[in-house]
Amino acid sequence: MSINNDDVEKIAHLARLAIDPGQLETYTKNLSGILALVEQMNEMDTNGIAAMAHPRDTKLRLRDDVVSEVNQREKFIKLAPASENGLFLVPKVLD
Amino acid sequence: MHKKSLQELALGLANKDFSSVELTRHFHDRIAAHQDINAFITVDLEGSLQQAAEADTILGAGKALPLTGIPMAHKDIFCTDGLRTSCGSKMLDNFIAPYDATLIRKFRQAGSIMLGKTNMDEFAMGSSNETSYYGRVLNPWNKEHVPGGSSGGSAAAVAAQLAPAATGTDTGGSIRQPASFCGLTGLKPSYGRVSRYGMIAFASSLDQAGPMTRSAADAAILLQTMSGFDERDSTSVDIAVPDFSAGLENDLKGLKIGMPVEFFNDDLDPGIASITMDALREYEKLGAELVEISLPNSHLSVPCYYVLAPAEASSNLSRFDGARYGYRTPEYDDLLDMYKKTRAEGFGDEVKRRIMIGAYALSAGYYDAYYLKAQKIRRLISDDFTRAFVKCDVIAGPTAPETAFRFGDKTDDPVAMYLNDIYTISVNLAGLPGMSIPAGMDRDNLPVGLQLIGQYFDEARLLNVAHRYQQVTDWHTLSPL
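Residues numbered from 1 in each chain as written. Chains lettered and ligands numbered in written order. Predicted model: local features only at pLDDT ≥ 70, side-chain atom pairs only at ≥ 80, totals over all residues. Heavy atoms only, no water.

S.K.: Where do I start with the packing of aromatic side chains in this structure?
M.R.: When we look at a pair of aromatic rings, we describe it by the centre distance and by the angle of the planes. Residues and elements named next belong to chain B. Within the structure shown, the criterion is met by 16 aromatic pairs over all chains. When the centroid spacing of 3.7 Å and the interplanar angle of 5° are considered together, the rings of Y306 and Y418 count as stacked. Here Y306, found in helix α9 (residues 301–316), pairs with Y418, found in helix α13 (residues 414–418); they are 112 residues apart in sequence, far enough to count as distant. In terms of burial, Y306 and Y418 fall into one category: buried. Here the aromatic rings of Y360 and Y370 are separated by 5.6 Å at their centres, their planes lie at 55°, and the arrangement is tilted. In this pair, Y360 sits in helix α11 (residues 349–362) while Y370 sits in helix α12 (residues 367–391), placing the two residues 10 residues apart along the sequence. Residue class for Y360 comes out buried when judged on its relative accessible area of 5%. Since its relative accessible area comes to 5%, Y370 is described here as buried. Taken together, the aromatic side chains of F95, F123, F320, Y325 and F347 make up a single cluster linked through ring pairs. (Phe/Tyr/Trp six-rings, centres within 6.5 Å; stacked < 30°, edge-to-face > 60°. Helix = DSSP H or I, 4+ residues; strand = E, 2+ residues; numbered from the N terminus. Buried < 20%, exposed > 50% of the residue type's maximum accessible area, 1.4 Å probe, protein only.)

S.K.: Looking at this structure, I do not really get the layout of surface pockets. What am I missing?
M.R.: A water-sized probe, rolled over the atoms, reveals where empty space remains. All names here are of chain B. The space that makes up the largest pocket amounts to roughly 1,100 Å³. Sorting the residues of the lining of the largest pocket by element identifies α9 and α12 as the ones contributing at least two each. Per-class residue counts for the lining of the largest pocket are 19 nonpolar, 10 polar and 11 charged. (1 Å grid on protein atoms, 1.4 Å probe; cavity = no way out; pocket = protein on both sides within 12 Å on 5 of 7 lines; lining within 4 Å. Points joined across faces, edges and corners; volume = space filled by probe spheres on them. Nonpolar A, V, L, I, M, F, W, Y, C, P; charged D, E, K, R; others polar.)

S.K.: Would you mind going over the pattern of salt bridges with me for this structure?
M.R.: Where charged atoms from two side chains of opposite charge approach closely, those side chains can pair. Residues and elements named next belong to chain B. This model, assessed by the stated rule, comprises 19 salt bridges over all chains. Between D76 and K117 there is a salt bridge, with its nearest N and O atoms 2.9 Å apart. In this pair, D76 is assigned in the loop between β2 (71–75) and α4 (102–109) and K117 in strand β3 (residues 113–118), connecting sequence segments 41 residues apart. Both residues of the pair, D76 and K117, count as buried. If you follow the salt bridges from partner to partner, you end up with E350, R353 and R354 in one network. (Salt bridge = Lys/Arg side-chain N within 4 Å of Asp/Glu carboxyl O.)

S.K.: Explain the interface of chain B and chain A to me, please; I cannot follow it from the model alone.
M.R.: As a measure of interface size, the accessible area lost when the parts come together is often cited. Contacts between chain B and chain A engage 71 residues on the former and 52 residues on the latter. Here chain B packs against chain A, burying approximately 5,400 Å² in sum over the two surfaces, 68% of which is carbon and sulfur. Here chain B is connected to chain A by 1 salt bridge. Across the pair A:K75 and B:D81 runs a salt bridge whose closest N-O atoms are separated by 3.2 Å. Summed over the shared surface of chain B and chain A, the number is 20 residue pairs in polar contact (both at pLDDT 80 or more). Within the residue set of the side of chain B that touches chain A, elements represented by two or more residues are α9, α10 (335–346), α11, α12, α13 and α14 (425–430) of chain B. The element contributing the most residues to the side of chain B that touches chain A is α12(B), with 12 residues. The residue makeup of the side of chain B that touches chain A, split by class, is 40 nonpolar, 12 polar and 19 charged. (Contact = heavy atoms within 4.5 Å. Buried area = accessible area lost by both parts, 1.4 Å probe. Polar contact = N/O pair within 3.5 Å; in protein donor to acceptor, adjacent residues only side chain to side chain.)

S.K.: So what exactly am I meant to see when it comes to the environment of B:R214 here?
M.R.: Residues and elements named next belong to chain B. Looking at the element boundaries, R214 is found in the loop between β6 (208–213) and α7 (216–226). Residues R214 and L49, spaced 165 residues apart in sequence, show a C-alpha to C-alpha distance of 24 Å. If sequence neighbours within four positions are ignored, R214 has contacts with H2, K3, K4, V158, Q161, A163, P164, L184, T185 and H476. For R214, the side chain forms a polar contact with the main-chain oxygen of H2, separated by 3.1 Å. A polar contact of 3.1 Å, which involves the side chain of R214, links it to the backbone oxygen of K4.

S.K.: Would you mind going over the pairing of strand β4 (residues 166–170) of chain B with me for this structure?
M.R.: On a regular strand, one side chain projects to one face of the sheet and the next to the other, so that they alternate. Residue and element names in this part refer to chain B. Counting buried residues along β4, 5 of its 5 residues qualify, which places the element largely inside the surrounding structure. Of the pairings in the sheet, the one linking β4 to β6 comprises 5 bridges and is antiparallel in character. Paired with A166 across the two strands is M212, which belongs to β6. (Pairing = 2+ DSSP bridges.)

S.K.: Teacher, can you tell me more about the packing of helix α2 (residues 24–38) of chain A against α11(B) here?
M.R.: Each pair of packed helices gets described by two things: the angle between the helix axes and the distance between those axes. Viewed as axis vectors pointing N to C, α2(A) and α11(B) meet at an angle of 60°, and their least axial separation amounts to 11 Å. With respect to each other, α2(A) and α11(B) are oriented oblique. Here the hand of the crossing between α2(A) and α11(B) comes out right-handed. Between α2(A) and α11(B), the residues in contact are A:Y27, A:N30, A:L31, A:I34 and A:L35 and B:D349, B:K352, B:R353, B:M356, B:I357 and B:Y360, respectively. The class makeup of the residues in the contact of α2(A) with α11(B) is 7 nonpolar, 1 polar and 3 charged. (Axes fitted to C-alpha atoms, helices over the stretch in contact; angles between N-to-C directions. Parallel < 35°, antiparallel > 145°, perpendicular 65-115°, else oblique. Left-handed = near helix turned anticlockwise from the far one by under 90°.)

S.K.: Looking at this structure, how should I read the packing of helix α8 (residues 270–285) of chain B against helix α15 (residues 459–472) of chain B?
M.R.: Residues and elements named next belong to chain B. Look at α8 against α15: their axes get within 10 Å of each other, and the N-to-C directions meet at 95°. Considered as vectors, α8 and α15 are oriented roughly perpendicular to each other. For the pair α8 and α15, the contacting residues are A279, E282 and Y283 in the first and V465, A466, Y469 and V472 in the second. Grouping the constituent residues of the contact of α8 with α15 by class yields 6 nonpolar, no polar and 1 charged.

S.K.: What should I look at first to understand the confidence of the model for chain B in this one?
M.R.: The predicted coordinates should not be examined in detail at positions where pLDDT is low. Of the residues in chain B, 100% have a pLDDT of 70 or more, and the chain-wide mean is 97. For this predicted complex, the interface confidence comes out at an ipTM of 0.95, alongside a pTM of 0.97. (pLDDT = per-residue confidence, 0-100.)

S.K.: Just checking my understanding: could you explain the side chain of B:E459 for this structure?
M.R.: All names here are of chain B. Its place among the elements puts E459 in helix α15. Among the residues examined, E459 registers a relative accessible area of 0% and is labelled buried. Only 2.7 Å separates the side chain of E459 from the side chain of S190, close enough to count as a polar contact. Discounting residues that sit within four places of it in the chain, E459 has contacts with L187, P189, S190, R193, L223, F244 and P433.

S.K.: Just checking my understanding: could you explain helix α2 (residues 20–33) of chain B for this structure?
M.R.: For the α-helix, the turn length of 3.6 residues means that residues three or four positions removed from each other point alike. Residues and elements named next belong to chain B. Its 14 residues give α2 an end-to-end C-alpha distance of 20 Å, which sits within 8% of 20 Å, the value for a rise of 1.5 Å per residue. Those residues of α2 that sit buried are S20, L23, T24, H26, F27, H28, R30 and I31. Each element contacted by the buried residues of α2 is listed here: α1 (6–14), β1 (40–43), α3 (45–60), β2 and β3. (Expected span 1.5 Å × (residues − 1).)

If you want it as structure tokens, here you go:
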């Protein structure tokens, strides 16, 4: 299945990616090519096959509900692009 | 000193032929002399010399472990406390991890020296190292050719003898294919063998870290240090770690080597086919028996992978939003605009393509047709291996459909690039251990790798099979410089 420029703009929005209008055509072409590749899967009838999410169908372990992380607030805040009073700063979300 | 194996280096250190500080300086001199290869993103001269001085104290006290004082390079995907971890991306160009990955912690505890962090395809997405924000890595065998990827910097560093050994990661072939292109021994362990804690996630159900070395004997030493259960990785498997060096010399008499008919068809490059067959004949001389096997769904592995890996990547990479760490765009109107511009500017084209493919495959209305379908195909591919291993002990075939290609050959065609991993991807989908060892040189004097695939947690056997071959051949001893 090939996708069009509108599809790519919609996907880019879902993925939170700004797309340069000049590059839209290239993305559409490349993504259509990749989708054509993955659609080779359709030649195989997979009815009744159980989906495999993990090699060896590993089950996730549970651990005891105890605190294992130490407080590294200072270290983390130092990495932030913007911070104030030990909090991460982002543009205003609510008025 | 740079030609020695890990065992010889350990012996030299123990005998005081050279100190760890001298050894570390020697490799830094080589890194500086071969800067054009661009194998490293970050070199840590000061830190590594300090580690070497500490190692010399331990060596002097006679308390050395097998890697004490031995320099190494680590792929820049492993978080290192205090030293930049970029993952080959502008997004993390300024990121200094607040903690060590489990793998890094283990190597530190083993006393090895970290020379620096190696170049890689951005977020490990690529097969040529051309997607790195830090520029392309040159293949030491021919500097007009790619080193492979995504662990291309690690491969080039070890091939050019800028480090005695390195770590890599492999999601669809990223250890084995560059090992093949650069003439190295590279091993992707079974899923769950090596902790993924602190290893920046690309596709969490496929990613594994492993050694990139000049011989199977060296790989065994690295794998010993890397392996083991880690409660910080929820997919780490709690299974005993064998002594990987103990069985290296085991006799191969009676070993059954499976040859997948699908790998040896007319599509295979005749030069690679003939080198692969020569290697298999060598195994027959060692007492192994070749048996034909079939992996009938292997042709679906690339299509299946390019749904699952991008889907997992789109989810994993959603954490890069410019809010808490990494790059943030300088100008934005609101939160959504900040996210979109940050990610558009911080990620390169290939990463963006894969995020979009993943977002599409997971979006409403397409989930069943793509993601669920791919998970079912994954089951078929995994079942193929289960059936094949009834007939054989290991599987052998080519690592890559070609040798190292030229820069720019595939950059305009993502699908052509993806097909380079046609023989390696199914191993990740099944979670099996796989290895690439040097098996010859093509007519342009570029290395050709032989792939060996083992059963779950049977890395010891793979290493044994690789080591016996390396005892009777000398491809792994060839050096480009």
